[in-house]
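Observations on the model geometry
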Amino acid sequence: MNTYSQILNRYWGYSVFKPMQEEIISSIASGKDTLALLPTGGGKSITFQVPSMATEGTCIVVTPLIALMRDQVESLLKRGIKAQAIFSGMSRSEIDISLDNCVYGSYKFLYVSPERLGTEIFRERVKKMKINLIAVDEAHCISQWGYDFRPSYLKIAELREILPDVPVLALTATATADVVDDIQEKLHFASPNVIRTSFERKNLHYMVDVTEDKHRRLLEILQKIPGSGIVYTRNRRKTSEIARFLTGNGISADYYHAGLGSETRSLKQNEWMKGKTRVIVATNAFGMGIDKADVRFVVHFDIPDSLESYFQEAGRAGRDSRLSFAILLYNDADKVNAGKRVSLRFPEIEMISQVYQALGSYFSIPFGGGKGSVLDFNINDFSSRYSFNATTAYYCLKTLEAEGCLELTDEVNNPSKIHFAVGRDELYRFQVANAAFDGFIKLLLRSYSGVFSGFAVIDEEFLAKKTGTSRDVVYQYLVRLNKMQIIQYIPQRKSPLIIMNTERLDRNSFYISTASLKSRKDQYVSKLGSVYSYASSTTQCRSAFLLGYFGEKDPARCGHCDICRKKNEMGLSRYEFDLISVNIKDIVRHANVQPDELVQLLDHPPEKSLKVIRWLLDNAMLTQGPGNIVKWEG
Ligand code: ADP
């Protein structure tokens, strides 16, 4: 067994690598900048975790999702691996202590959210660390051509300047050919180097269902396909409406969207994970980081914004490699709604400017100030205070984010933490002088380790049980100790944040380039266009369509999507159908023939050739011109 397999086995308990994991690890080990494309569930984390464990030093992991960051840190700590996370919801002293730990302690992983990379405190400390690798998760976020561009990702290139000899591993589950090139360029790859697995998902059957009555069709699907699944819809209100419709028809279902409180959300998610709820009807806020293997179907009730998001969301089905379905419900109304979707997403510049100014007043930011502030943000409160529609305000803020003015984070769920601000001796003297606190301090010391060297996560509920008091009493104790400067106490906080990247500008100085707005809008429209092409295609295998979109050359037909099934119904094997079509294409490109001549020229049984010709004509891949001469259009 080589070192990497030993590490995989020792810390993760896995005996073999998943496809491509080893190739990626070897590429990194030889010091090469590497871009790895692995589908969701392909095991991306292992590809930077294992090589870092095999080398001296710390691996910096850049990732935009704070919740996932925290999960990964926790899971590493459970395996006895030292890991830290730094993100914008943390106080300055927490960040300070965490960074010091990485400089002086033997930390193996430092997770950082991208907007922290540019801060002075981070850059200064990083210079003192021994970094062995920079891992960039969700690397497509660095590309303007991607579907989720985040300007702060561009700061990774600056980090590379500070750490010129450290290789970079970029990871993503979805990237078109343009984005693949762009990621390598923006991350300053020494030379191009891409490792990818095929994105083919053999057990996942793609279907597009053209229907005027989506509700009825959904019900039929769920009555036919057993097991649990996800129904995605774009609209929060519709999640509850569809869930009600399903429960009304005897199907166990619940709904989920980002507007629900975090406790409610985790409750709903857990019930679904455990199989107590069969179907979860959700917006795209659901699914990131959810590792449920036996999802049998993902139905899209509305069409998604891009094939990248479709592939990622649909790909949540069938991670256990068993037969599963990815179904898109579609009708003409979807196309009509697209225009509305585009204008909602790309508000007028005047509107963006109003939201920008209102934000400045909301937080009382003086003109010329505010750069670097991290602010708790409640979009509903903000919108109602300034009479904005919350969705419009959201997309205005998203535009300001894309322009680099600010960052809007997902909800940061910060658990309570404490750190002893005094040394052991001084603490002892305090305990002797303040007998009333002695028992409580002893309990803290018994329950949590590492409270002198850094912040430790605590649970007031647990402490209340142990002391036989209430959460409130425990809170009062902690606040008092904090006031007396014995501990630093950071109470739990759950809130999205706004981070101001630039100084507040007044109305006359505020400027947004119409060209960059237009370019983003065009790109969005073009991505949406690809989704329509996928949904309305009647000739191309769904799987091959998606694989082609992601740049795979000559993708094979899957043989079981709705389109392949229709071809199969002709009584021809996939191989026969394709062979006859290729022969037809060859002939009609070089000769002017009529259908019956074509049948004779083809070296196949006439009844089979006829079926294929008819199918190609029906689907406009062949057309007939003057004199019944057939022409290849496909
Ligand atoms: P991704 O980020 O690519 O979606 P993850 O890194 O979250 O994937 O891994 C998906 C799942 O696969 C996790 O549960 C992980 O523990 C598991 N996994 C990763 N590598 C292996 C392996 N070599 N053998 C078995 N399971 C693995």
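Residues numbered from 1 in each chain as written. Predicted model: local features only at pLDDT ≥ 70, side-chain atom pairs only at ≥ 80, totals over all residues. Heavy atoms only, no water.

**Some words on the overall build of the protein**
Applicable threshold: Numbering of helices and strands runs from the N terminus, with a helix taken as a DSSP run of H or I at least four residues long and a strand as a DSSP run of E at least two residues long. Put simply, the radius of gyration uses C-alpha atoms, and a globule should come to 2.2 Å times the residue count raised to 0.38. Exposure classes here rest on a 1.4 Å probe applied to the protein chains alone. A residue is buried below 20% of its type maximum, exposed above 50%, and partly exposed in between. Residues count as neighbours in contact if any of their non-hydrogen atoms are within 4.5 Å of one another.
When helices and strands are tallied, the protein shows 26 helices and 23 strands. Over its C-alpha trace the protein gives a radius of gyration of 28 Å, about what one expects of a compact globule, namely 26 Å for 634 residues. Looking at the protein residue by residue over its 634 residues, the buried ones come to 53%. Within the protein, counting contacts between residues at least 6 apart in sequence, those at least 24 apart form 74% of the total.

**Concerning the packing of aromatic side chains**
Here is the rule we go by: Stacked, tilted and edge-to-face are the three classes assigned to paired rings of Phe, Tyr and Trp, where Trp is represented by its six-membered ring and a pair needs centres within 6.5 Å; plane angles under 30 degrees give stacked, over 60 edge-to-face, the rest tilted.
Counting across every chain of the model gives 29 aromatic pairs. Pairing tyrosine 475 with tyrosine 489 gives two aromatic rings, centres 6.0 Å apart and planes at 65°, and the pair type is edge-to-face. Of the two residues, tyrosine 475 sits in helix 20 (residues 471-483) while tyrosine 489 sits in strand 19 (residues 487-490), which places them 14 residues apart along the sequence. A residue is classified by how much of its surface remains accessible, and tyrosine 475, at 35% relative accessible area, is partly exposed.

**What to know about the nonpolar core**
Let me state the cut-off plainly: Grouping buried Ala, Val, Leu, Ile, Met, Phe, Trp, Tyr and Cys residues that are joined through side-chain atoms within 4.5 Å yields what is termed a nonpolar core.
One finds Phe48 and Phe109 to be the most contacted residues of the largest nonpolar core, which totals 112 residues. Among the elements that take part in this core, helix 21 (residues 514-536) stands out by supplying 6 residues, more than any other. Not counting residues up to four positions away in its chain, the partners in contact with phenylalanine 109 are Phe48, Gln49, Ser52, Met53, Thr58, Cys59, Val61, Leu76, Ile81, Lys82, Ala83 and Gln84. Judged by nonpolar contacts, the second largest core, of 24 residues, contains Tyr356, Phe382, Ala393 and Leu517.

**Considering the pairing of strand 17 (residues 417-420)**
Formally: Note on pairing: two strands pair once DSSP finds at least 2 bridges between them.
Burial along strand 17 is two-sided: the face carrying Lys417 and His419 and the face carrying Ile418 and Phe420 are both buried. In the sheet, strand 17 pairs with strand 19 via 4 bridges, with the strands oriented antiparallel. In the strand pairing of strand 19, phenylalanine 420 is matched with isoleucine 487.

**Considerations on the environment of glutamine 312**
As for its position among the elements, glutamine 312 is in helix 12 (residues 307-314). Along the backbone, glutamine 312 and proline 39 are 273 residues apart, and their C-alpha atoms lie at a distance of 8.0 Å. Setting aside residues up to four positions removed in sequence, glutamine 312 forms contacts with Thr40, Tyr147, Ala173 and Thr174.

**Remarks on the environment of aspartate 254**
To keep it simple, the criterion reads: Polar contact is the term for a pair of N or O atoms within 3.5 Å; when the atoms are in protein, one must be able to donate a hydrogen and the other to accept it, and sequence-neighboring residues count only if both atoms are side-chain atoms.
Mapped onto the fold, aspartate 254 is located in strand 10 (residues 253-256). A relative accessible area of 18% places aspartate 254 in the buried class. In this structure, the C-alpha to C-alpha distance between aspartate 254 and alanine 282, residues 28 residues apart in sequence, is 8.5 Å. Among residues more than four places away in sequence, those in contact with aspartate 254 are Ala243, Lys268, Thr277, Val279, Ile280 and Val281. Polar side-chain contacts of aspartate 254 include one of 2.8 Å to the side chain of lysine 268.

**So, the side chain of lysine 214**
Take lysine 214: it is sitting in helix 9 (residues 214-224). For lysine 214, a relative accessible area of 9% puts it in the buried group. A distance of 2.8 Å separates the side chain of lysine 214 from the backbone oxygen of phenylalanine 301, its partner in a polar contact. Those residues in contact with lysine 214, other than ones at most four positions away along the chain, are Phe301, Asp302, Leu329, Tyr330, Asn331 and Asp334.

**Let's talk about the pattern of salt bridges**
When the charged atoms of two side chains with opposite charge come close together, those side chains can pair. Let me state the cut-off plainly: Each salt bridge in this description consists of a side-chain nitrogen of Lys or Arg and a carboxyl oxygen of Asp or Glu lying within 4 Å of one another.
For the structure shown, the criterion picks out 35 salt bridges. For lysine 214, the salt bridge goes to aspartate 334, with nearest N and O atoms at 3.0 Å. With lysine 214 in helix 9 and aspartate 334 in helix 13 (residues 332-345), this residue pair connects regions lying 120 residues apart in the sequence. A relative accessible area of 7% means that aspartate 334 is categorised as buried. Several salt bridges share partner residues, and in doing so they unite Asp209, Asp213, Arg216, Arg217 and Glu220 into one network.

**A short note on the site of the ligand**
Where we set the bar: Here a residue counts as near a molecule or strand whenever at least one of its heavy atoms sits within 4 Å of it. Here the accessible surface of atoms and residues is derived via Shrake-Rupley with a 1.4 Å probe, and residues count as covered only by protein chains that are part of the display.
Around the ligand, the structure places 15 residues, and the nearest of them are Tyr14, Val16, Gly41, Ser45 and Asp291. A distance of 2.8 Å separates a nitrogen atom of the ligand from a polar atom in the backbone of valine 16. Taking glycine 43, its main chain carries an N or O atom lying 3.1 Å from an oxygen atom of the ligand. Here the ligand, which alone exposes 570 Å², has 74% of that area covered by the protein. Per-element tally for the shell around the ligand: the top contributor is helix 3 (residues 44-53), with 3 residues.

**With respect to the domain arrangement of the protein**
Formally: Start and end points for every domain follow an automatic or database-based domain assignment. A quick way to say it: buried area is the sum, across both parts, of accessible area lost when two parts are put together, with a 1.4 Å probe.
Annotation of the protein at the domain level lists domain 1 (3-196), domain 2 (204-331), domain 3 (346-413 + 496-507), domain 4 (417-491) and domain 5 (539-632). Each of domain 1 and domain 4 has a C-alpha centre, and the two are 35 Å apart. Across the contact, 5 residues belong to domain 1 and 7 residues belong to domain 4. Between domain 1 and domain 4, roughly 440 Å² of surface is buried when both sides are summed, and carbon and sulfur atoms account for 57% of that area. At the junction of domain 1 with domain 4, the criterion picks out 1 salt bridge.

**Brief notes about the packing of helix 18 (residues 435-447) against helix 19 (residues 460-467)**
Rule in force here: What counts as an axis is a line fitted to C-alpha atoms, over the stretch in contact for a helix, and the angles between N-to-C directions run from 0 to 180 degrees. With respect to orientation, any angle under 35 degrees is reported as roughly parallel, any angle over 145 as roughly antiparallel, any angle of 65 to 115 as roughly perpendicular, and every other angle as oblique. Two helices crossing with the near one rotated counterclockwise from the far one by less than a right angle form a left-handed crossing, whereas a clockwise rotation gives a right-handed crossing.
Between helix 18 and helix 19, the least distance of the axes is 11 Å, while the angle of their chain directions is 125°. With respect to each other, helix 18 and helix 19 are oriented oblique. Helix-helix and strand crossings are classified by hand; for helix 18 and helix 19 the assignment is right-handed. Of the residues in helix 19, those in contact with Phe440, Leu443, Leu444 and Ser447 of helix 18 are Phe462, Leu463, Lys466 and Thr467.

**Describing the pairing of strand 11 (residues 279-282)**
Quick note on the threshold: Here a crossover is taken to be right-handed if, once the strands point away from the viewer, the path from the first strand over the helix to the second is traced clockwise.
Burial of the side chains of strand 11 extends over both faces: Val279 and Val281 are buried on one face and Ile280 and Ala282 on the other. Relative to strand 11, strand 9 (residues 228-232) is paired through 4 bridges, and the arrangement is parallel. Within the sheet, the bridge partner assigned to valine 231 lies in strand 11 and is valine 281. Where strand 10 lies against strand 11, 4 bridges are found, and the strand directions are parallel. Within the sheet, the bridge partner assigned to tyrosine 255 lies in strand 11 and is valine 281. Between the parallel pair strand 10 and strand 11, the chain is carried across by helix 11 (residues 262-273), and the sense of this crossover is right-handed.

**Looking at the sheet that holds strand 21 (residues 497-500)**
Taking strand neighbours across the sheet as the criterion, the 3 strands line up as 14-21-15 in an open arrangement whose pairing is antiparallel. At either end of the open sheet lies a strand with only one pairing partner, and these are strand 14 (374-376) and strand 15 (406-408). Within this sheet the neighbouring strands show an average axis-to-axis angle of 20°, counted without direction. As paired elements, strand 15 and strand 21 share 3 bridges and run antiparallel to each other.

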